[in-house]
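Reading the structure
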Amino acid sequence: MSRPSLPPPELRPYLEELVRRTSAVCGDRLVSVLAVGSLALGDYRHGRSDVDVTVVTDPALPRADLSALARTLAHPELPCPAAGLELVVYGADFAARPSGDAGYLLDLNTGPSLPERAAYDPSEGPDFWYVIDRSVAHQAGLPLYGAPARDVIAAPDRPTVLAALRASVREHADGEGHLADNRVLNGCRATVHCRTGHWFAKRRAGEIVAASEPAFAPLITQALHSFERPRAEAAVLPAEEVRAFLAWVAARVAEAAAAAGV
(Lines give C-alpha, C1' and ligand atoms only; values in the text may rest on other atoms or scores of the structure.)
Protein backbone atom coordinates (compact mmCIF):
# COMPACT_ATOMS: atom_id res chain seq x y z
CA MET A 1 0.00 0.00 0.00
CA SER A 2 1.63 3.25 -1.09
CA ARG A 3 1.61 6.43 0.97
CA PRO A 4 3.16 9.85 0.43
CA SER A 5 6.73 10.57 1.49
CA LEU A 6 5.82 14.22 2.10
CA PRO A 7 2.76 15.94 3.57
CA PRO A 8 0.42 17.64 1.08
CA PRO A 9 1.61 21.08 -0.08
CA GLU A 10 -1.18 22.97 1.69
CA LEU A 11 0.10 21.69 5.05
CA ARG A 12 3.87 21.91 4.63
CA PRO A 13 4.39 25.49 5.88
CA TYR A 14 2.20 24.80 8.90
CA LEU A 15 3.98 21.56 9.77
CA GLU A 16 7.39 23.17 9.32
CA GLU A 17 6.42 25.89 11.76
CA LEU A 18 4.94 23.32 14.15
CA VAL A 19 8.26 21.44 14.14
CA ARG A 20 10.20 24.68 14.61
CA ARG A 21 8.10 25.70 17.61
CA THR A 22 8.22 22.23 19.10
CA SER A 23 12.00 22.15 18.75
CA ALA A 24 12.28 25.59 20.34
CA VAL A 25 10.42 24.36 23.44
CA CYS A 26 11.98 20.89 23.65
CA GLY A 27 15.55 21.65 22.59
CA ASP A 28 17.84 18.64 22.58
CA ARG A 29 15.17 16.58 24.35
CA LEU A 30 13.19 16.30 21.10
CA VAL A 31 13.55 12.81 19.65
CA SER A 32 10.92 12.68 16.92
CA VAL A 33 7.93 14.47 15.42
CA LEU A 34 5.68 12.16 13.40
CA ALA A 35 2.64 12.72 11.24
CA VAL A 36 0.14 9.96 11.95
CA GLY A 37 -3.55 9.35 11.18
CA SER A 38 -4.78 10.27 7.71
CA LEU A 39 -1.51 12.00 6.81
CA ALA A 40 0.46 8.84 7.45
CA LEU A 41 -2.05 6.60 5.67
CA GLY A 42 -2.19 8.84 2.59
CA ASP A 43 -5.83 9.91 2.92
CA TYR A 44 -5.71 13.48 4.21
CA ARG A 45 -8.76 15.47 3.02
CA HIS A 46 -8.30 19.23 3.25
CA GLY A 47 -11.29 20.79 4.97
CA ARG A 48 -12.34 17.45 6.47
CA SER A 49 -9.33 15.78 8.09
CA ASP A 50 -7.47 16.68 11.24
CA VAL A 51 -3.70 16.92 11.35
CA ASP A 52 -2.55 14.15 13.71
CA VAL A 53 0.95 14.52 15.16
CA THR A 54 2.92 12.45 17.68
CA VAL A 55 5.89 13.96 19.51
CA VAL A 56 8.46 11.89 21.41
CA THR A 57 10.88 13.43 23.90
CA ASP A 58 13.75 12.09 26.01
CA PRO A 59 13.64 12.75 28.85
CA ALA A 60 9.96 13.37 29.41
CA LEU A 61 9.08 17.08 29.44
CA PRO A 62 8.10 18.70 32.75
CA ARG A 63 4.63 20.20 33.07
CA ALA A 64 5.82 23.78 32.60
CA ASP A 65 7.35 22.95 29.23
CA LEU A 66 4.31 20.94 28.18
CA SER A 67 2.11 23.93 28.98
CA ALA A 68 4.42 26.19 26.99
CA LEU A 69 4.24 23.80 24.05
CA ALA A 70 0.44 23.74 24.20
CA ARG A 71 0.32 27.54 24.21
CA THR A 72 2.69 28.03 21.28
CA LEU A 73 0.88 25.43 19.11
CA ALA A 74 -2.68 26.46 19.97
CA HIS A 75 -4.89 27.89 17.25
CA PRO A 76 -4.91 30.79 16.42
CA GLU A 77 -1.48 31.43 18.00
CA LEU A 78 -0.34 29.02 15.29
CA PRO A 79 -3.21 29.14 12.76
CA CYS A 80 -4.22 25.63 11.77
CA PRO A 81 -5.18 25.29 8.09
CA ALA A 82 -6.83 21.90 8.65
CA ALA A 83 -10.04 21.09 10.51
CA GLY A 84 -7.90 20.77 13.61
CA LEU A 85 -4.66 19.62 15.19
CA GLU A 86 -4.58 16.55 17.41
CA LEU A 87 -1.09 16.39 18.93
CA VAL A 88 0.10 13.88 21.52
CA VAL A 89 3.41 14.00 23.39
CA TYR A 90 4.99 10.85 24.85
CA GLY A 91 8.13 10.24 26.80
CA ALA A 92 10.57 8.00 24.96
CA ASP A 93 10.62 5.34 27.68
CA PHE A 94 6.86 4.88 27.50
CA ALA A 95 6.65 5.04 23.69
CA ALA A 96 9.35 2.39 23.30
CA ARG A 97 7.37 -0.37 25.00
CA PRO A 98 4.08 -1.99 23.97
CA SER A 99 1.26 -0.78 26.18
CA GLY A 100 -2.50 -0.67 26.43
CA ASP A 101 -2.40 2.58 28.41
CA ALA A 102 -2.95 6.09 27.11
CA GLY A 103 0.42 7.12 28.57
CA TYR A 104 0.61 10.62 27.13
CA LEU A 105 2.30 13.65 28.68
CA LEU A 106 0.19 16.11 26.68
CA ASP A 107 -2.90 15.60 24.55
CA LEU A 108 -3.63 18.80 22.64
CA ASN A 109 -6.73 19.37 20.50
CA THR A 110 -6.94 22.74 18.80
CA GLY A 111 -8.09 24.28 15.54
CA PRO A 112 -11.07 25.86 13.79
CA SER A 113 -13.33 22.78 14.04
CA LEU A 114 -12.14 21.21 17.30
CA PRO A 115 -13.03 22.04 20.90
CA GLU A 116 -9.94 23.44 22.60
CA ARG A 117 -8.36 20.90 24.95
CA ALA A 118 -4.98 20.48 26.61
CA ALA A 119 -4.88 17.41 28.87
CA TYR A 120 -1.94 16.27 30.99
CA ASP A 121 -3.39 13.35 32.97
CA PRO A 122 -3.93 10.18 30.91
CA SER A 123 -6.00 8.62 33.68
CA GLU A 124 -8.82 11.11 33.02
CA GLY A 125 -10.13 9.45 29.87
CA PRO A 126 -10.20 6.25 27.80
CA ASP A 127 -7.02 4.57 26.58
CA PHE A 128 -8.16 3.03 23.34
CA TRP A 129 -7.68 5.94 20.90
CA TYR A 130 -4.03 6.28 21.93
CA VAL A 131 -3.42 2.53 21.51
CA ILE A 132 -4.85 2.69 17.99
CA ASP A 133 -2.87 5.83 17.15
CA ARG A 134 0.41 4.26 18.29
CA SER A 135 -0.34 1.13 16.29
CA VAL A 136 -0.92 3.28 13.19
CA ALA A 137 2.21 5.31 13.98
CA HIS A 138 4.38 2.20 14.22
CA GLN A 139 3.11 0.93 10.87
CA ALA A 140 3.02 4.14 8.88
CA GLY A 141 4.21 7.18 10.87
CA LEU A 142 5.63 9.89 8.59
CA PRO A 143 8.76 11.51 10.10
CA LEU A 144 8.67 15.31 10.17
CA TYR A 145 11.73 15.51 12.43
CA GLY A 146 14.17 13.07 13.98
CA ALA A 147 14.01 9.33 14.38
CA PRO A 148 11.77 7.09 12.25
CA ALA A 149 8.50 5.93 13.76
CA ARG A 150 9.50 2.28 14.16
CA ASP A 151 12.58 3.29 16.11
CA VAL A 152 10.62 5.19 18.75
CA ILE A 153 7.02 3.87 18.80
CA ALA A 154 6.46 0.26 19.85
CA ALA A 155 3.58 -1.60 18.25
CA PRO A 156 0.92 -2.67 20.76
CA ASP A 157 0.34 -6.42 20.51
CA ARG A 158 -2.67 -7.80 18.64
CA PRO A 159 -4.81 -8.60 21.71
CA THR A 160 -4.26 -5.04 22.98
CA VAL A 161 -5.21 -3.51 19.61
CA LEU A 162 -8.30 -5.70 19.32
CA ALA A 163 -9.42 -4.68 22.80
CA ALA A 164 -8.95 -1.05 21.76
CA LEU A 165 -10.94 -1.61 18.57
CA ARG A 166 -13.74 -3.20 20.55
CA ALA A 167 -13.90 -0.11 22.77
CA SER A 168 -13.77 2.25 19.79
CA VAL A 169 -16.65 0.48 18.05
CA ARG A 170 -18.71 0.72 21.25
CA GLU A 171 -18.10 4.48 21.34
CA HIS A 172 -19.02 4.90 17.69
CA ALA A 173 -22.17 2.85 18.23
CA ASP A 174 -23.24 5.43 20.83
CA GLY A 175 -22.76 8.11 18.19
CA GLU A 176 -22.05 10.92 20.64
CA GLY A 177 -19.88 13.61 19.05
CA HIS A 178 -19.08 11.67 15.86
CA LEU A 179 -20.23 12.26 12.29
CA ALA A 180 -22.18 9.34 10.85
CA ASP A 181 -19.89 8.92 7.84
CA ASN A 182 -16.84 8.77 10.11
CA ARG A 183 -18.54 6.19 12.34
CA VAL A 184 -19.21 3.97 9.33
CA LEU A 185 -15.74 4.32 7.82
CA ASN A 186 -14.02 3.78 11.16
CA GLY A 187 -16.06 0.59 11.40
CA CYS A 188 -14.74 -0.42 7.98
CA ARG A 189 -11.18 0.31 9.06
CA ALA A 190 -11.66 -1.80 12.19
CA THR A 191 -13.07 -4.68 10.14
CA VAL A 192 -10.19 -4.65 7.66
CA HIS A 193 -7.63 -4.48 10.47
CA CYS A 194 -9.22 -7.52 12.11
CA ARG A 195 -8.94 -9.40 8.82
CA THR A 196 -5.43 -8.33 7.84
CA GLY A 197 -3.57 -6.98 10.86
CA HIS A 198 -2.79 -3.81 8.88
CA TRP A 199 -4.16 -0.27 8.93
CA PHE A 200 -5.77 1.06 5.80
CA ALA A 201 -7.03 4.55 5.10
CA LYS A 202 -10.71 4.91 5.91
CA ARG A 203 -11.79 5.35 2.30
CA ARG A 204 -9.82 2.34 1.11
CA ALA A 205 -11.19 0.26 3.99
CA GLY A 206 -14.68 1.38 3.02
CA GLU A 207 -14.15 0.24 -0.54
CA ILE A 208 -12.87 -3.15 0.65
CA VAL A 209 -15.81 -3.79 2.97
CA ALA A 210 -18.36 -2.54 0.45
CA ALA A 211 -16.98 -5.00 -2.12
CA SER A 212 -17.06 -7.95 0.28
CA GLU A 213 -20.36 -7.21 2.07
CA PRO A 214 -23.05 -6.31 -0.49
CA ALA A 215 -25.72 -5.86 2.17
CA PHE A 216 -23.84 -2.86 3.56
CA ALA A 217 -22.52 -1.50 0.26
CA PRO A 218 -25.23 1.20 -0.17
CA LEU A 219 -24.63 2.60 3.32
CA ILE A 220 -20.84 2.55 2.91
CA THR A 221 -21.14 4.22 -0.49
CA GLN A 222 -23.19 7.00 1.10
CA ALA A 223 -20.55 7.37 3.79
CA LEU A 224 -17.76 7.55 1.21
CA HIS A 225 -19.58 10.27 -0.74
CA SER A 226 -20.25 12.22 2.44
CA PHE A 227 -16.61 11.91 3.51
CA GLU A 228 -15.62 13.91 0.43
CA ARG A 229 -17.43 16.95 1.84
CA PRO A 230 -16.34 19.42 4.52
CA ARG A 231 -17.45 18.49 8.01
CA ALA A 232 -20.21 21.11 8.06
CA GLU A 233 -21.72 19.55 4.93
CA ALA A 234 -21.61 15.90 6.01
CA ALA A 235 -24.65 13.86 5.03
CA VAL A 236 -27.19 12.56 7.51
CA LEU A 237 -27.10 8.77 7.13
CA PRO A 238 -29.96 6.44 8.11
CA ALA A 239 -29.54 5.98 11.86
CA GLU A 240 -30.90 2.45 12.01
CA GLU A 241 -28.65 1.32 9.17
CA VAL A 242 -25.61 2.85 10.85
CA ARG A 243 -26.44 1.08 14.12
CA ALA A 244 -26.98 -2.23 12.33
CA PHE A 245 -23.66 -1.91 10.52
CA LEU A 246 -21.76 -1.08 13.69
CA ALA A 247 -23.38 -4.03 15.46
CA TRP A 248 -22.08 -6.22 12.63
CA VAL A 249 -18.62 -4.65 13.00
CA ALA A 250 -18.70 -5.26 16.76
CA ALA A 251 -19.39 -8.94 16.09
CA ARG A 252 -16.43 -9.16 13.70
CA VAL A 253 -14.12 -7.52 16.26
CA ALA A 254 -15.43 -9.87 18.98
CA GLU A 255 -14.68 -12.89 16.76
CA ALA A 256 -11.13 -11.67 16.14
CA ALA A 257 -10.64 -10.90 19.83
CA ALA A 258 -11.88 -14.33 20.85
CA ALA A 259 -9.48 -15.95 18.36
CA ALA A 260 -6.64 -13.89 19.90
CA GLY A 261 -7.66 -14.87 23.42
CA VAL A 262 -8.86 -11.41 24.46
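Reading the values: the criteria
- In this numbering scheme, every chain counts its residues from 1 along its sequence in written order.
- Predicted model: local features are reported for residues with pLDDT of at least 70 only, side-chain atom pairs are reported and counted for 80 or more only, and whole-chain, interface and lining totals are derived from all residues.
- Only hydrogens and water are set aside when side-chain values are computed; all heavy atoms of the structure are taken into account.
- Only one rule defines a salt bridge in this text: a Lys or Arg side-chain nitrogen within 4 Å of an Asp or Glu carboxyl oxygen.
- Helix and strand assignments follow DSSP, with helices taken as H or I runs no shorter than four residues and strands as E runs no shorter than two, numbered in order from the N terminus.
- Working definition: with a 1.4 Å probe on protein chains only, accessible area under 20% of the residue-type maximum means buried, over 50% means exposed, and in between means partly exposed.
- A pair of strands is considered paired only if DSSP assigns at least 2 bridges between the two.
- Interaxial angle, 0 to 180 degrees, is taken between N-to-C directions of lines fitted to C-alpha atoms, where a helix line uses only the stretch in contact.
- Whether two residues touch is decided by their heavy atoms; if any such pair falls within 4.5 Å, the residues are in contact.
- A 1.4 Å probe that fits but cannot get out identifies a cavity on a 1 Å grid over protein atoms alone, an open set with protein on both sides within 12 Å along at least five of seven lines counts as a pocket, and a residue lines either if it has an atom within 4 Å of a point.
- Grid points are joined across faces, edges and corners, and a volume is the space filled by probe spheres set on the points.

**Quick word on the pattern of salt bridges**
- Under the defined criterion, the tally for this structure stands at 14 salt bridges.
- When the shortest N-O distance is used, the salt bridge between R29 and D65 registers 2.8 Å. Of the two residues, R29 is situated in the loop between α1 (12-26) and β1 (30-36) and D65 in helix α3 (residues 63-73); the sequence distance between them amounts to 36 residues.
- Since its relative accessible area comes to 22%, D65 is described here as partly exposed.
- Ionic pairing is found between R117 and D107, a salt bridge with its closest N-O pair at 2.4 Å. Placement of the pair is R117 in strand β5 (residues 117-119) and D107 in strand β4 (residues 106-110), with a sequence separation of 10 residues.
- Taking relative accessible area as the criterion, R117 reaches 31% and is therefore assigned partly exposed.
- Given a relative accessible area of 5%, D107 falls into the buried group.

**Things to note about the sheet that holds strand β6 (residues 142-146)**
- With mixed pairing, 6 strands are arranged side by side in an open sheet as β5-β4-β3-β2-β1-β6. Every other strand in the sheet has two partners, leaving β5 and β6 as the edge strands with one partner each. Taking the axes of each pair of neighbouring strands and ignoring which way they run, one obtains an average angle of 15° across the sheet.
- Strands β3 (85-91), β4 and β5 of the sheet are contacted by α3, whose axis makes an angle of about 15° with β4.

**Things to note about empty space enclosed by the protein**
- Tallied over the entire structure, the rule returns 1 cavity of 30 Å³ or more.
- When its volume is computed, the largest cavity comes out at roughly 70 Å³.
- W129, I132, L165, S168, V169, H172, N186, G187, R189, A190 and W199 together form the lining of the largest cavity.
- If you list the elements that add at least two residues to the lining of the largest cavity, you get α5 (128-140), α7 (158-174) and α8 (180-196).

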